[in-house]
Amino acid sequence: MARNPRRDLLAGLTVAIVALPLALGFGVSSGLGAEAGLATAVVAGALAALFGGSNLQVSGPTGAMTVVLVPIVAQYGPSGVLMVGLLSGAIVIGLALARAGRYMAYVPAPVVEGFTLGIALVIGLQQVPHALGVPQPEGDRVLQVAWRAVDEFVGTPNWTSLGLALGVAAVMLVGARWRPTVPFSIVAVIAATVVAQVFHWDRATPIGELPAGLPAPSLGFVDPSRLGSLIAPAVAVAALAALESLLSARVADGMTVGQQHDPDRELFGQGLANLAAPLFGGVPATGAIARTAVNVRTGASSRLAALTHAAVLAVVVFAASPLVSRIPLAALAGVLLATAVRMVEVGSLRAMVKATRSDAVVLVLTAVTTLALDLVYAVVIGLVVAGALALRAVAKQARLAEVGFPADLPGEHGQEEHALLAEHIVAYRIDGPLFFAAAHRFLLELAEVAEVRVVVLRMSRITTVDATGALVLKDAVEKLNRRGITVIASGIRPGQRRALDSVGALDLLRLHGREFSTTPEAIAAARSHLRGTGVLAGTAARHARTAPPEPTGTDRPAQRREDGPHGNTL
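Residues numbered from 1 in each chain as written. Predicted model: local features only at pLDDT ≥ 70, side-chain atom pairs only at ≥ 80, totals over all residues. Heavy atoms only, no water.

K.L.:
Looking at this model, I keep getting lost on helix H3 (residues 63-97). Mind explaining?
P.N.:
Count 3.6 residues to each turn of an α-helix, and residues three or four apart come out pointing the same way. In this model, H3 (35 residues) spans only 27 Å end to end at C-alpha, well below the 51 Å of a helix rising 1.5 Å per residue. When the local axis directions of H3 are compared, the greatest deviation, roughly 120 degrees, occurs at Tyr 76, which is followed within four positions by the proline Pro 78. Following H3 by one or two positions, Arg 99 has its phi on the positive side, about 55 degrees. (Helix = DSSP H or I, 4+ residues; strand = E, 2+ residues; numbered from the N terminus. Expected span 1.5 Å × (residues − 1). Bend = angle between axes of the 7 residues up to and from the residue.)

Right, here's the structure in full:
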């Protein structure tokens, strides 16, 4: 994509207009105030743009991070959140140095869709108190807080706030369908603020006074005695910052041609952003999918657009704080309500639910866990369940199939010898993975082998073997040997030998020379074994003694003779 500075400047201005009400709203929702959201958008937005791994990523406060921060604010207070941000920044930088960015590709799509849906529900419920114009109820569970707010509203309704919130949300949702390129969020917020001022709606509670400029960097909030208790929340925040930022960068790549982000550099940039934002009173930040999408759609081609976005917001902080302070909280609640609605991609959800039953389970479980517990638990539980269901599906691919072997016999053999060998030799082909999730079923199937003398295991189609699979194979061979059944293996690949050798399974086969490269060699060895033990020869002799004598001489039945055109017998 060719660089166009003018277009980048215009894109950055557009993103800043979209980001302003979101930054204010997420700052208020986090519990640290609108000024914290603005500080985060300016500081984190600039540093992540400079040092991150994506040319198009726009960073700042996000709804997902707000969901995680609310319970931290309730338990540790504002200073605890700032310390968590500092610690999480260091952790994200550590992830970057460990080159952990590549593992983002392993997060299943149903988990991403599920926690996105859960985040949208939580963001919407978080806005209920401000949308209804009631004091923020106590509690850190969003369902409980929303219910208390509704109960308070029923007792003393505030129709002014509710009207402003619903009006702003309606303008944004309808306007986005009518003119997608117009930033209706800022239009709606300005209109709501003007209406509240003109009609002197006292019940439309404003944001309140904002500081004119960013505070000086300070470490005054760092209390070393509290660091231990904040490690777990910091890990959760770091995990979310890394996950959402890499997801956002991947979305940006998918919307363009020729752009490819560096995941590890992106983590490094986000880590620096989260180290710096708390020093200026900001909250932890991530890459913002919605703002990044706006940046791409308005023609951004370089980091200049994201830097322009941060610079414009800095001008707002320094020059327009008095105006911003008059914005009604209900208007910001309307912005976030509309944002929550637009986060839900109905088409994607429908596709995931229809894909497989496992995908539907993972998506719904992740969303419900996000709503009932928190986002980090939701992601962990979603990943665990998705992994378990995937293992179950992979385990079902393992097959132990009986196969015919006469075509594999070297040399010429009569029909009778084939029949005799079939009485005493059975060949099985193992297909798919032989690992812990499928190994015990394999053992049960192999243990049910009928009374034969030799079992040939064709192992060339095994895709993977772990220690559990190797132990189960060894156990199966030992059990068959105790029943007097010889086990011969063929086609063991080099990649399987380490696991088999580590548990002694190969030694068990090598002890009596029962491992071969090819199936014909294995079956030839089985035949030799039967001849050596006298089983095959004895059976052949018994068949010879019990077979009826071949008719000869006068015992032969008369043959029917017919004269052909040349006197030949037909």
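Still more ground to cover, so stick around.
K.L.:
What is the right way to look at the packing of helix H1 (residues 5-30) against helix H8 (residues 184-198) in this model?
P.N.:
Between two packed helices, both the angle of their axes relative to each other and the distance between the axes serve to describe the pair. Running from N to C, H1 and H8 cross one another at 55 degrees; their axes reach a closest spacing of 8 Å. Classified by the angle their axes make, H1 and H8 are oblique. The handedness of the crossing between H1 and H8 comes out as left-handed. Residues Ile 17, Val 18, Leu 20 and Pro 21 of H1 form the contact with H8, whose own contacting residues are Ser 185, Ile 186 and Val 189. Residue composition of the contact of H1 with H8, grouped by class: 6 nonpolar, 1 polar and no charged. (Axes fitted to C-alpha atoms, helices over the stretch in contact; angles between N-to-C directions. Parallel < 35°, antiparallel > 145°, perpendicular 65-115°, else oblique. Left-handed = near helix turned anticlockwise from the far one by under 90°. Contact = heavy atoms within 4.5 Å. Nonpolar A, V, L, I, M, F, W, Y, C, P; charged D, E, K, R; others polar.)

K.L.:
Help me understand the nonpolar core, please; the structure alone is not making it clear to me.
P.N.:
Nonpolar side chains in soluble globular proteins generally cluster together in the buried interior. Counting residues in each nonpolar core, the largest one holds 91 residues, and the members touching the most others are Leu 24, Ile 72, Ile 207 and Ile 327. Top element by residues in this core is H3. It accounts for 15 residues. Leave out the neighbours within four places in its chain, and Ile 72 touches Gly 77, Val 81, Val 84, Pro 233 and Val 237. Counting 32 residues, the second largest nonpolar core, distinct from the first, contains Val 426, Leu 446, Val 452 and Val 465. (Core = buried A, V, L, I, M, F, W, Y, C linked by side-chain atoms within 4.5 Å. Buried < 20%, exposed > 50% of the residue type's maximum accessible area, 1.4 Å probe, protein only.)

K.L.:
Please explain H1 as it appears in this structure.
P.N.:
If you check H1, its first and last C-alpha atoms are 35 Å apart, about what 26 residues at 1.5 Å a residue would give, namely 38 Å. Remark: the principal bend of H1, roughly 35 degrees, maps to Ala 19, with a proline, Pro 21, within the next four residues. Along H1, 19 of the 26 residues are buried, which leaves the element largely enclosed by surrounding structure. Note on H1: the residue one or two positions beyond its end, Gly 31, has a positive phi of about 100 degrees.

K.L.:
Explanation requested: the environment of Val 456 in the structure shown.
P.N.:
Turning to its location among the elements, Val 456 is positioned in strand E5 (residues 454-458). Val 456 has contacts with Ile 425, Val 426, Ala 427, Tyr 428, Ile 488, Ala 522, Ile 523 and Ala 526, leaving out every residue within four places of it along the chain.

K.L.:
Please clarify how a nonpolar patch on the surface should be interpreted in this entry.
P.N.:
A surface patch of nonpolar side chains, about 540 Å² in accessible area, is lined by Ile 190, Val 194, Val 195, Val 198, Phe 199 and Trp 201. Taking the relative accessible area as the measure of exposure, Val 198 reaches 52% and is therefore exposed. (Patch = residues over 30% accessible without salt bridge, like charges linked within 9 Å, V, L, I, M, F, W, Y side chains within 5 Å. Areas by Shrake-Rupley, 256 points an atom, 1.4 Å probe, with all protein chains shown as cover. Salt bridge = Lys/Arg side-chain N within 4 Å of Asp/Glu carboxyl O.)

K.L.:
Can you help me understand the environment of Leu 371 in this one?
P.N.:
As for its placement among the helices and strands, Leu 371 is situated in helix H16 (residues 357-372). Residue classification places Leu 371 among the partly exposed residues on the basis of a relative accessible area of 23%. Between the C-alpha atoms of Leu 371 and Phe 115, which are 256 residues apart in sequence, the distance is 9.0 Å. Residues contacting Leu 371, with those up to four places away along its chain left out, are Leu 121, Val 122, Leu 125, Val 142 and Leu 143.

K.L.:
Looking at this structure, how should I read the side chain of Gln 496?
P.N.:
Among the secondary structure elements, Gln 496 is positioned in helix H21 (residues 494-502). Owing to a relative accessible area of 4%, Gln 496 belongs among the buried residues under this scheme. Once residues within four sequence positions are removed from consideration, Gln 496 is found in contact with Met 459, Ile 462 and Val 465.

K.L.:
What is the right way to read the packing of aromatic side chains from this model?
P.N.:
Aromatic ring pairs are reported here in terms of the distance separating the ring centres and the angle at which the planes meet. A full pass over the atoms with the stated rule returns 2 aromatic pairs. Consider the rings of Phe 153 and Trp 159, whose centres lie 5.2 Å apart with planes at 80 degrees: the pair is edge-to-face. Residue Phe 153 is classed as buried on the basis of its relative accessible area, which comes to 10%. Judged by centre distance (6.3 Å) and plane angle (45 degrees), the ring pair of Trp 178 and Phe 184 falls under tilted. (Phe/Tyr/Trp six-rings, centres within 6.5 Å; stacked < 30°, edge-to-face > 60°.)

K.L.:
Would you mind showing me how to read the side chain of Thr 40 here?
P.N.:
Residue placement: Thr 40 occurs in helix H2 (residues 34-51). Among the polar contacts listed, one links the side chain of Thr 40 to the backbone nitrogen of Val 283, at a separation of 2.7 Å. In contact with Thr 40, not counting residues within four places along its chain, are Gly 45, Gly 60, Pro 61, Gly 282, Val 283, Pro 284 and Ala 285. (Polar contact = N/O pair within 3.5 Å; in protein donor to acceptor, adjacent residues only side chain to side chain.)

K.L.:
Looking at this model, I keep getting lost on the packing of helix H4 (residues 109-126) against helix H14 (residues 329-343). Mind explaining?
P.N.:
Contact geometry of H4 with H14 gives a least axis separation of 8 Å together with a crossing angle of 160 degrees. In terms of their interaxial angle, H4 and H14 are classed as roughly antiparallel. As for how H4 packs across H14, the hand of that crossing is left-handed. Contact residues: H4 offers Thr 116, Ile 119, Ala 120, Ile 123 and Gly 124, while H14 offers Leu 336, Leu 337, Ala 340 and Met 343. Looking at the contact of H4 with H14 residue by residue, the class counts come to 7 nonpolar, 2 polar and no charged.

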